[in-house]
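Each chain is listed here by its residues.
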Amino acid sequence: MFEFDKVIERRATDSSKWAKYRGRDILPFWVADMDFQAPPFVQAALRDRIEHGIFGYSETPNELIDAVVDWLASEFDWVVPAEWLVWLPGVVTGLNLTCRAIGTPGDSVLMNVPVYYPFLAAPEHGGRSLIEVPLQLDGGRWIIDLDALAAARGPRTRLFMFCNPQNPTGRVYTRDELVDLAKFCARHDLLICSDEIHCSLVLDQGRRHVPIATLSDEIAARTITLMAPTKAYNTPGLGCAFAIIPDAALRKRFMDVRAGLVPSIGCLAYTAATAAYQDPSNWLTQLLTYLAGNRDALQACVRGLPGVRMTHVEGTYLAWIDVRALGLAQPMQHFEAHGLGLSDGAQFHGPGYLRFNFGCPRATLDTGLERFARAVRAAG
Ligand SMILES: Cc1ncc(COP(=O)(O)O)c(C=O)c1O
(Lines give C-alpha, C1' and ligand atoms only; values in the text may rest on other atoms or scores of the structure.)
Protein backbone atom coordinates (compact mmCIF):
# COMPACT_ATOMS: atom_id res chain seq x y z
CA MET A 1 0.00 0.00 0.00
CA PHE A 2 1.40 3.38 -0.99
CA GLU A 3 1.77 5.81 1.92
CA PHE A 4 -0.88 8.38 1.11
CA ASP A 5 -1.11 9.10 4.84
CA LYS A 6 2.46 10.38 5.01
CA VAL A 7 2.60 14.14 5.63
CA ILE A 8 5.55 15.64 3.76
CA GLU A 9 6.72 19.19 4.41
CA ARG A 10 6.49 21.23 1.18
CA ARG A 11 7.10 24.72 2.51
CA ALA A 12 10.79 24.78 1.56
CA THR A 13 10.22 23.69 -2.06
CA ASP A 14 8.78 26.89 -3.57
CA SER A 15 5.55 25.00 -4.15
CA SER A 16 2.98 27.50 -5.49
CA LYS A 17 0.34 25.89 -3.31
CA TRP A 18 2.30 26.38 -0.07
CA ALA A 19 4.22 29.57 -0.91
CA LYS A 20 0.99 31.56 -1.22
CA TYR A 21 0.59 31.52 2.56
CA ARG A 22 4.28 31.61 3.49
CA GLY A 23 4.75 32.70 7.11
CA ARG A 24 1.02 32.47 7.91
CA ASP A 25 -0.87 29.69 9.65
CA ILE A 26 -3.08 28.96 6.66
CA LEU A 27 -3.32 25.43 5.27
CA PRO A 28 -3.58 25.48 1.46
CA PHE A 29 -6.45 23.61 -0.20
CA TRP A 30 -6.54 25.69 -3.37
CA VAL A 31 -4.50 25.08 -6.57
CA ALA A 32 -4.96 21.64 -8.15
CA ASP A 33 -1.89 19.77 -7.05
CA MET A 34 -1.87 17.07 -4.41
CA ASP A 35 0.34 16.75 -1.32
CA PHE A 36 1.36 13.20 -2.26
CA GLN A 37 4.64 12.02 -3.71
CA ALA A 38 4.54 10.85 -7.31
CA PRO A 39 4.32 7.05 -7.53
CA PRO A 40 7.51 5.05 -6.84
CA PHE A 41 7.89 3.97 -10.49
CA VAL A 42 7.76 7.63 -11.65
CA GLN A 43 10.33 8.64 -9.03
CA ALA A 44 12.59 5.72 -10.02
CA ALA A 45 12.45 6.64 -13.72
CA LEU A 46 13.32 10.26 -12.87
CA ARG A 47 16.25 9.17 -10.66
CA ASP A 48 17.65 7.05 -13.51
CA ARG A 49 17.31 9.90 -15.96
CA ILE A 50 18.94 12.39 -13.56
CA GLU A 51 21.82 9.95 -13.02
CA HIS A 52 22.68 10.32 -16.71
CA GLY A 53 23.50 13.95 -16.03
CA ILE A 54 22.92 15.41 -19.51
CA PHE A 55 19.64 17.24 -19.93
CA GLY A 56 19.52 18.29 -23.58
CA TYR A 57 16.57 18.97 -25.88
CA SER A 58 14.44 15.89 -26.35
CA GLU A 59 12.36 14.21 -29.01
CA THR A 60 9.04 12.74 -27.94
CA PRO A 61 10.04 9.23 -26.79
CA ASN A 62 8.60 6.43 -28.93
CA GLU A 63 7.89 4.56 -25.68
CA LEU A 64 5.67 7.44 -24.58
CA ILE A 65 3.76 7.53 -27.87
CA ASP A 66 3.25 3.75 -27.72
CA ALA A 67 2.19 3.90 -24.07
CA VAL A 68 -0.37 6.66 -24.75
CA VAL A 69 -1.79 4.89 -27.80
CA ASP A 70 -2.10 1.63 -25.81
CA TRP A 71 -3.61 3.43 -22.83
CA LEU A 72 -6.26 5.19 -24.96
CA ALA A 73 -7.20 1.84 -26.51
CA SER A 74 -7.40 -0.07 -23.24
CA GLU A 75 -8.94 2.67 -21.12
CA PHE A 76 -11.46 4.13 -23.58
CA ASP A 77 -11.57 1.69 -26.49
CA TRP A 78 -10.24 4.54 -28.59
CA VAL A 79 -7.95 3.65 -31.49
CA VAL A 80 -5.76 6.70 -32.00
CA PRO A 81 -3.08 6.71 -34.70
CA ALA A 82 0.12 8.36 -33.44
CA GLU A 83 -0.14 11.15 -36.03
CA TRP A 84 -3.29 12.48 -34.34
CA LEU A 85 -1.23 13.38 -31.25
CA VAL A 86 0.22 16.87 -30.86
CA TRP A 87 2.54 17.21 -27.86
CA LEU A 88 2.38 20.26 -25.63
CA PRO A 89 4.02 21.44 -22.39
CA GLY A 90 0.59 21.92 -20.81
CA VAL A 91 -3.14 21.64 -21.29
CA VAL A 92 -3.62 25.39 -20.73
CA THR A 93 -1.37 25.95 -23.74
CA GLY A 94 -3.76 23.70 -25.66
CA LEU A 95 -6.81 25.71 -24.56
CA ASN A 96 -5.22 28.90 -25.82
CA LEU A 97 -3.95 27.43 -29.08
CA THR A 98 -7.41 26.03 -29.80
CA CYS A 99 -9.02 29.46 -29.41
CA ARG A 100 -6.54 30.86 -31.92
CA ALA A 101 -6.73 27.92 -34.34
CA ILE A 102 -10.51 27.95 -34.75
CA GLY A 103 -12.27 30.74 -36.63
CA THR A 104 -11.02 34.29 -36.85
CA PRO A 105 -10.65 37.24 -34.46
CA GLY A 106 -14.07 38.60 -33.54
CA ASP A 107 -15.64 35.14 -33.37
CA SER A 108 -17.10 33.98 -30.10
CA VAL A 109 -16.45 30.98 -27.89
CA LEU A 110 -19.22 29.30 -25.91
CA MET A 111 -18.72 27.59 -22.55
CA ASN A 112 -20.44 26.70 -19.32
CA VAL A 113 -19.57 28.31 -16.01
CA PRO A 114 -18.33 27.87 -13.38
CA VAL A 115 -15.20 26.59 -15.05
CA TYR A 116 -11.43 26.36 -14.51
CA TYR A 117 -10.40 30.00 -14.94
CA PRO A 118 -7.90 29.66 -17.85
CA PHE A 119 -10.94 28.71 -19.97
CA LEU A 120 -12.38 32.16 -19.29
CA ALA A 121 -9.23 34.00 -20.33
CA ALA A 122 -8.37 31.95 -23.45
CA PRO A 123 -10.86 33.47 -25.94
CA GLU A 124 -9.75 37.02 -25.24
CA HIS A 125 -6.08 36.04 -25.52
CA GLY A 126 -6.93 34.99 -29.08
CA GLY A 127 -9.06 38.04 -29.94
CA ARG A 128 -12.31 36.09 -29.54
CA SER A 129 -15.18 36.96 -27.24
CA LEU A 130 -16.54 34.78 -24.46
CA ILE A 131 -20.15 33.67 -24.18
CA GLU A 132 -20.76 32.02 -20.83
CA VAL A 133 -23.79 30.03 -19.79
CA PRO A 134 -24.36 28.81 -16.22
CA LEU A 135 -24.54 25.10 -15.49
CA GLN A 136 -27.86 24.21 -13.86
CA LEU A 137 -28.24 22.52 -10.50
CA ASP A 138 -30.74 19.71 -10.97
CA GLY A 139 -31.48 17.36 -8.07
CA GLY A 140 -28.03 17.94 -6.60
CA ARG A 141 -26.21 17.51 -9.93
CA TRP A 142 -24.72 20.16 -12.16
CA ILE A 143 -26.12 19.68 -15.66
CA ILE A 144 -25.72 21.32 -19.04
CA ASP A 145 -28.70 23.39 -20.19
CA LEU A 146 -28.70 22.96 -23.97
CA ASP A 147 -31.60 25.37 -24.50
CA ALA A 148 -29.68 28.07 -22.66
CA LEU A 149 -26.59 27.34 -24.75
CA ALA A 150 -28.66 27.55 -27.94
CA ALA A 151 -30.16 30.86 -26.86
CA ALA A 152 -26.80 32.35 -25.90
CA ARG A 153 -24.96 31.28 -29.06
CA GLY A 154 -24.20 34.11 -31.50
CA PRO A 155 -23.91 34.20 -35.30
CA ARG A 156 -20.13 34.00 -35.00
CA THR A 157 -19.87 31.26 -32.39
CA ARG A 158 -17.50 28.62 -33.76
CA LEU A 159 -16.23 26.81 -30.69
CA PHE A 160 -17.63 25.14 -27.57
CA MET A 161 -15.09 24.67 -24.77
CA PHE A 162 -15.86 21.72 -22.58
CA CYS A 163 -14.36 20.44 -19.32
CA ASN A 164 -14.97 16.79 -18.44
CA PRO A 165 -14.50 15.65 -15.69
CA GLN A 166 -15.59 19.13 -14.77
CA ASN A 167 -13.43 21.49 -12.74
CA PRO A 168 -14.74 22.83 -10.35
CA THR A 169 -18.03 20.90 -9.93
CA GLY A 170 -16.53 17.39 -10.06
CA ARG A 171 -19.13 16.13 -12.54
CA VAL A 172 -18.22 13.19 -14.78
CA TYR A 173 -20.75 13.46 -17.58
CA THR A 174 -22.68 10.35 -18.60
CA ARG A 175 -22.66 8.96 -22.12
CA ASP A 176 -26.26 10.16 -22.60
CA GLU A 177 -25.35 13.70 -21.56
CA LEU A 178 -22.38 13.63 -23.94
CA VAL A 179 -24.52 12.35 -26.81
CA ASP A 180 -26.96 15.24 -26.33
CA LEU A 181 -24.13 17.76 -26.12
CA ALA A 182 -22.44 16.32 -29.22
CA LYS A 183 -25.71 16.51 -31.18
CA PHE A 184 -26.09 20.12 -30.11
CA CYS A 185 -22.58 20.97 -31.31
CA ALA A 186 -23.09 19.18 -34.61
CA ARG A 187 -26.48 20.88 -35.15
CA HIS A 188 -24.95 24.30 -34.65
CA ASP A 189 -21.71 23.46 -36.46
CA LEU A 190 -19.56 24.10 -33.38
CA LEU A 191 -16.11 22.65 -32.99
CA ILE A 192 -15.37 21.21 -29.55
CA CYS A 193 -12.35 21.67 -27.33
CA SER A 194 -12.63 19.00 -24.65
CA ASP A 195 -10.28 19.31 -21.68
CA GLU A 196 -10.14 15.83 -20.19
CA ILE A 197 -7.08 16.26 -17.96
CA HIS A 198 -8.95 14.74 -14.99
CA CYS A 199 -10.08 11.66 -16.97
CA SER A 200 -8.22 9.15 -14.77
CA LEU A 201 -9.65 10.62 -11.56
CA VAL A 202 -13.14 9.10 -11.54
CA LEU A 203 -13.98 8.43 -7.90
CA ASP A 204 -17.34 6.69 -8.16
CA GLN A 205 -17.30 2.92 -8.66
CA GLY A 206 -19.24 1.96 -11.74
CA ARG A 207 -18.86 5.31 -13.46
CA ARG A 208 -16.54 5.61 -16.45
CA HIS A 209 -15.05 8.56 -18.23
CA VAL A 210 -16.08 8.75 -21.89
CA PRO A 211 -14.02 10.97 -24.18
CA ILE A 212 -16.59 12.92 -26.20
CA ALA A 213 -14.59 12.32 -29.39
CA THR A 214 -15.24 8.56 -29.09
CA LEU A 215 -18.98 8.99 -29.66
CA SER A 216 -18.71 8.96 -33.47
CA ASP A 217 -16.31 9.71 -36.31
CA GLU A 218 -18.28 12.85 -37.04
CA ILE A 219 -17.80 14.15 -33.49
CA ALA A 220 -14.14 13.11 -33.50
CA ALA A 221 -13.62 15.19 -36.64
CA ARG A 222 -14.89 18.33 -34.90
CA THR A 223 -13.07 17.80 -31.60
CA ILE A 224 -9.71 18.70 -30.09
CA THR A 225 -9.24 16.58 -26.95
CA LEU A 226 -6.66 17.65 -24.39
CA MET A 227 -5.14 15.21 -21.91
CA ALA A 228 -2.10 14.90 -19.64
CA PRO A 229 -0.80 12.48 -16.98
CA THR A 230 0.04 15.32 -14.61
CA LYS A 231 -3.14 15.47 -12.48
CA ALA A 232 -3.59 11.75 -11.81
CA TYR A 233 0.11 11.07 -11.19
CA ASN A 234 0.65 14.38 -9.42
CA THR A 235 3.44 15.70 -11.62
CA PRO A 236 2.00 19.13 -12.58
CA GLY A 237 5.45 20.69 -12.24
CA LEU A 238 6.71 18.39 -15.00
CA GLY A 239 4.48 19.74 -17.75
CA CYS A 240 3.69 17.27 -20.50
CA ALA A 241 0.37 17.10 -22.31
CA PHE A 242 -1.09 16.26 -25.69
CA ALA A 243 -3.92 17.16 -27.99
CA ILE A 244 -5.73 14.47 -29.97
CA ILE A 245 -6.87 15.97 -33.28
CA PRO A 246 -8.27 13.42 -35.74
CA ASP A 247 -9.09 15.93 -38.50
CA ALA A 248 -5.95 16.63 -40.55
CA ALA A 249 -6.90 20.19 -41.55
CA LEU A 250 -7.78 21.15 -37.98
CA ARG A 251 -4.56 19.55 -36.75
CA LYS A 252 -2.57 21.59 -39.26
CA ARG A 253 -4.21 24.84 -38.12
CA PHE A 254 -3.45 23.95 -34.50
CA MET A 255 0.18 23.17 -35.32
CA ASP A 256 0.48 26.37 -37.36
CA VAL A 257 -0.53 28.55 -34.40
CA ARG A 258 1.81 26.57 -32.15
CA ALA A 259 4.81 27.16 -34.43
CA GLY A 260 7.63 29.16 -32.88
CA LEU A 261 5.71 30.05 -29.72
CA VAL A 262 5.46 26.93 -27.64
CA PRO A 263 8.61 25.52 -26.06
CA SER A 264 9.47 21.86 -26.43
CA ILE A 265 8.82 19.50 -23.55
CA GLY A 266 11.68 18.98 -21.09
CA CYS A 267 13.42 15.61 -20.88
CA LEU A 268 12.42 15.06 -17.24
CA ALA A 269 8.78 15.80 -18.06
CA TYR A 270 8.93 13.21 -20.85
CA THR A 271 10.51 10.70 -18.46
CA ALA A 272 7.78 11.19 -15.85
CA ALA A 273 4.98 11.01 -18.44
CA THR A 274 6.39 7.83 -19.99
CA ALA A 275 6.65 6.13 -16.60
CA ALA A 276 3.10 7.25 -15.72
CA TYR A 277 1.51 5.90 -18.91
CA GLN A 278 3.48 2.65 -18.53
CA ASP A 279 2.12 2.36 -14.94
CA PRO A 280 2.76 -1.30 -14.00
CA SER A 281 0.95 -1.10 -10.66
CA ASN A 282 -2.33 -0.53 -8.90
CA TRP A 283 -1.11 2.81 -7.54
CA LEU A 284 -3.88 4.75 -9.29
CA THR A 285 -6.59 2.45 -7.93
CA GLN A 286 -5.22 3.00 -4.43
CA LEU A 287 -5.13 6.75 -5.00
CA LEU A 288 -8.77 6.77 -6.14
CA THR A 289 -9.84 4.81 -3.05
CA TYR A 290 -7.95 7.24 -0.82
CA LEU A 291 -9.41 10.30 -2.57
CA ALA A 292 -12.93 8.88 -2.34
CA GLY A 293 -12.40 8.51 1.42
CA ASN A 294 -11.28 12.14 1.65
CA ARG A 295 -14.27 13.26 -0.40
CA ASP A 296 -16.62 11.38 1.91
CA ALA A 297 -15.01 12.93 5.00
CA LEU A 298 -15.39 16.40 3.49
CA GLN A 299 -18.97 15.70 2.42
CA ALA A 300 -19.85 14.47 5.94
CA CYS A 301 -18.31 17.57 7.49
CA VAL A 302 -20.20 19.93 5.15
CA ARG A 303 -23.47 18.04 5.63
CA GLY A 304 -23.23 18.55 9.39
CA LEU A 305 -22.89 22.32 9.14
CA PRO A 306 -25.55 24.99 8.64
CA GLY A 307 -25.40 27.35 5.68
CA VAL A 308 -23.04 25.34 3.45
CA ARG A 309 -23.76 22.77 0.75
CA MET A 310 -21.61 20.54 -1.39
CA THR A 311 -22.66 18.54 -4.44
CA HIS A 312 -21.38 14.99 -4.82
CA VAL A 313 -17.92 14.86 -6.42
CA GLU A 314 -17.93 12.12 -9.07
CA GLY A 315 -14.42 12.84 -10.29
CA THR A 316 -11.37 15.08 -9.64
CA TYR A 317 -10.14 15.88 -6.12
CA LEU A 318 -11.98 19.21 -6.07
CA ALA A 319 -15.19 20.01 -4.23
CA TRP A 320 -17.46 22.93 -5.10
CA ILE A 321 -19.05 24.29 -1.94
CA ASP A 322 -21.94 26.73 -1.84
CA VAL A 323 -21.40 29.19 1.02
CA ARG A 324 -23.89 31.86 -0.11
CA ALA A 325 -26.22 31.24 2.82
CA LEU A 326 -23.46 32.34 5.21
CA GLY A 327 -23.93 35.87 3.87
CA LEU A 328 -20.21 36.64 3.75
CA ALA A 329 -19.06 39.67 1.76
CA GLN A 330 -15.67 38.04 1.10
CA PRO A 331 -15.92 34.27 1.59
CA MET A 332 -12.35 33.34 0.68
CA GLN A 333 -10.91 35.94 3.05
CA HIS A 334 -13.22 34.80 5.85
CA PHE A 335 -11.95 31.22 5.56
CA GLU A 336 -8.34 32.44 5.32
CA ALA A 337 -8.87 34.26 8.61
CA HIS A 338 -9.69 30.83 10.08
CA GLY A 339 -6.55 29.22 8.68
CA LEU A 340 -7.93 27.74 5.46
CA GLY A 341 -6.72 28.63 1.96
CA LEU A 342 -9.49 27.79 -0.54
CA SER A 343 -10.11 28.92 -4.13
CA ASP A 344 -12.56 31.76 -4.58
CA GLY A 345 -15.56 30.75 -6.67
CA ALA A 346 -15.69 34.19 -8.28
CA GLN A 347 -12.51 33.29 -10.14
CA PHE A 348 -14.44 30.47 -11.85
CA HIS A 349 -17.44 32.78 -12.41
CA GLY A 350 -19.25 31.13 -9.53
CA PRO A 351 -19.36 33.81 -6.82
CA GLY A 352 -20.53 32.66 -3.40
CA TYR A 353 -18.82 29.29 -3.84
CA LEU A 354 -15.46 28.00 -2.68
CA ARG A 355 -13.41 25.21 -4.24
CA PHE A 356 -11.79 22.78 -1.81
CA ASN A 357 -8.87 20.61 -3.01
CA PHE A 358 -8.96 17.43 -0.91
CA GLY A 359 -5.87 15.81 -2.51
CA CYS A 360 -3.84 15.56 0.68
CA PRO A 361 -3.06 13.18 3.57
CA ARG A 362 -6.03 12.53 5.84
CA ALA A 363 -4.34 14.23 8.79
CA THR A 364 -3.98 17.46 6.80
CA LEU A 365 -7.57 17.19 5.66
CA ASP A 366 -8.79 16.58 9.21
CA THR A 367 -7.10 19.77 10.42
CA GLY A 368 -8.64 21.56 7.45
CA LEU A 369 -12.09 20.22 8.31
CA GLU A 370 -11.81 21.40 11.92
CA ARG A 371 -10.89 24.86 10.65
CA PHE A 372 -13.66 24.74 8.06
CA ALA A 373 -16.25 23.93 10.74
CA ARG A 374 -14.93 26.71 12.98
CA ALA A 375 -15.07 29.22 10.11
CA VAL A 376 -18.65 28.25 9.24
CA ARG A 377 -19.81 28.53 12.85
CA ALA A 378 -18.07 31.89 13.22
CA ALA A 379 -20.00 33.18 10.19
CA GLY A 380 -23.40 32.10 11.48
C1 LIG B 1 -9.42 21.36 -16.15
C2 LIG B 1 -7.96 21.68 -16.10
N3 LIG B 1 -7.27 21.89 -17.23
C4 LIG B 1 -5.95 22.18 -17.22
C5 LIG B 1 -5.25 22.28 -16.03
C6 LIG B 1 -3.81 22.63 -16.05
O7 LIG B 1 -3.13 21.93 -17.04
P8 LIG B 1 -1.62 22.20 -17.35
O9 LIG B 1 -0.88 22.30 -16.04
O10 LIG B 1 -1.21 20.98 -18.14
O11 LIG B 1 -1.54 23.46 -18.16
C12 LIG B 1 -5.93 22.09 -14.83
C13 LIG B 1 -5.22 22.25 -13.56
O14 LIG B 1 -5.80 22.36 -12.53
C15 LIG B 1 -7.30 21.77 -14.86
O16 LIG B 1 -7.99 21.55 -13.73
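A short tour of the structure in this document, coming up. (Residues numbered from 1 in each chain as written. Predicted model: local features only at pLDDT ≥ 70, side-chain atom pairs only at ≥ 80, totals over all residues. Heavy atoms only, no water.)

The next subject is the sheet that holds strand 10 (residues 241-244). Taken together, seven strands build an open sheet; the order of strands is 2-10-9-8-7-3-4 and the sheet is mixed. Taken across any chain shown, the strands that pair with only one partner, and hence form the sheet edges, are strand 2 (85-88) and strand 4 (129-134). When strand polarity is set aside, the average angle formed by the axes of neighbouring strands in this sheet is 20°. Strand direction decides the pairing type here: strand 2 and strand 10, joined by four bridges, are antiparallel. Across the sheet, Trp-87 pairs through a bridge with Phe-242, a residue of strand 10. Helix-sheet contacts for helix 5 (residues 117-125) involve strand 3 (108-113), strand 4, strand 7 (157-163) and strand 8 (191-195), and the interaxial angle to strand 3 is about 170°. Against the sheet, helix 7 (residues 175-187) contacts strand 3, strand 7 and strand 8, and its axis sits at roughly 165° relative to strand 7. (Pairing = 2+ DSSP bridges. Helix = DSSP H or I, 4+ residues; strand = E, 2+ residues; numbered from the N terminus. Axes fitted to C-alpha atoms, helices over the stretch in contact; angles between N-to-C directions. Contact = heavy atoms within 4.5 Å.)

Turning our eyes to something else, we now look at the pattern of salt bridges. Under the definition given, this model contains 19 salt bridges. Measuring nitrogen to oxygen at the nearest pair gives 2.8 Å for the salt bridge that ties Asp-107 to Arg-156. Highlighted residues: Asp-107 in the loop between helix 4 (91-101) and strand 3 and Arg-156 in the loop between helix 6 (146-152) and strand 7, separated in sequence by 49 residues. Using a relative accessible area of 6% as the deciding quantity, one classes Asp-107 as buried. Arg-207 serves as the salt-bridge partner of Glu-314, at 3.6 Å between the closest nitrogen and oxygen. Of this pair, Glu-314 sits in the loop between strand 11 (309-310) and strand 12 (318-322) while Arg-207 sits in the loop between strand 8 and helix 8 (217-221), and the two are 107 residues apart along the sequence. Exposure remark for Glu-314: the relative accessible area of 4% places this residue in the buried category. Connected through salt bridges with shared partners, the residues Arg-141, Arg-171, Glu-177, Arg-207 and Glu-314 form a single ionic network. (Salt bridge = Lys/Arg side-chain N within 4 Å of Asp/Glu carboxyl O. Buried < 20%, exposed > 50% of the residue type's maximum accessible area, 1.4 Å probe, protein only.)

Contacts to the ligand come from Ala-32, Gly-90, Val-91, Val-92, Tyr-116, Cys-163, Asn-167, Asp-195, Ile-197, His-198 and Lys-231. Between the ligand and Asn-167 there is a distance of 2.7 Å, counted from an oxygen atom to a side-chain nitrogen or oxygen. When the free accessible area of the ligand is taken as 400 Å², the share hidden by the protein chains comes to 88%. (Near = heavy atom within 4 Å. Polar contact = N/O pair within 3.5 Å; in protein donor to acceptor, adjacent residues only side chain to side chain. Areas by Shrake-Rupley, 256 points an atom, 1.4 Å probe, with all protein chains shown as cover.)

On to the state of the cysteines, then. What is meant by a disulfide is a covalent connection between two cysteines, made through their sulfur atoms. Applying the stated criterion across every chain, the model contains zero disulfides. We note that Cys-193 lacks a disulfide partner, and the nearest cysteine sulfur, in Cys-99, lies 7.0 Å from it. With no disulfide of its own, Cys-301 has Cys-360 as its nearest cysteine by sulfur position, at a separation of 13 Å. (Disulfide = S-S within 2.5 Å.)

Turning to the nonpolar core, a few remarks are in order. Counting residues in hydrophobic clusters, the biggest one holds 53 residues, and the most contacted among them are Ile-321, Phe-335, Phe-356, Phe-358 and Phe-372. If you list the elements that add at least two residues to this core, you get helix 2 (40-52), helix 10 (267-277), helix 11 (283-303), strand 12, helix 12 (331-337), strand 15 (353-357) and helix 13 (362-379). Other than its neighbours up to four places away in sequence, Phe-372 contacts Cys-301, Val-302, Leu-305, Val-308, Ile-321, Phe-335, Leu-340, Leu-342 and Phe-356. Grouped together as the second largest cluster of nonpolar side chains are 29 residues, Val-115, Leu-191, Leu-250 and Phe-254 included. (Core = buried A, V, L, I, M, F, W, Y, C linked by side-chain atoms within 4.5 Å.)

With 13 residues, helix 7 should reach 18 Å at 1.5 Å per residue; the first-to-last C-alpha distance of 18 Å fits that figure. Looking at helix 7, one finds that the buried residues are Glu-177, Leu-178, Leu-181, Ala-182, Phe-184 and Cys-185. Within helix 7, the buried residues cover an arc of 160° as seen down the axis, which keeps them to one side. The outward face of helix 7, more than 90 degrees from its buried face, is lined by the exposed residues Asp-176 and Arg-187. Against strand 3, strand 6 (141-143), helix 6, strand 7, strand 8 and helix 8 lie the buried residues of helix 7. Looking one or two residues beyond helix 7, the residue adopting positive phi is Asp-189, at roughly 50°. (Expected span 1.5 Å × (residues − 1). Arc of directions from axis to C-beta.)

Another aspect to go through is the packing of aromatic side chains. Any pair of aromatic rings gets described here by the distance separating the centres and the angle formed by the planes. Under the definition given, this model contains 22 aromatic pairs. Geometrically, the ring pair formed by Phe-4 and Tyr-290 is tilted, given 5.4 Å between the ring centres and 35° between the ring planes. Here Tyr-290 lies in helix 11 and Phe-4 lies in the segment before helix 1 (16-19), a separation of 286 residues in the sequence. Pair check on accessibility: Phe-4 and Tyr-290 agree, each one buried. An aromatic cluster is defined as three or more aromatic residues linked by ring pairs; in this entry it consists of Phe-2, Phe-4, Phe-36, Phe-41, Tyr-233, Trp-283 and Tyr-290. (Phe/Tyr/Trp six-rings, centres within 6.5 Å; stacked < 30°, edge-to-face > 60°.)

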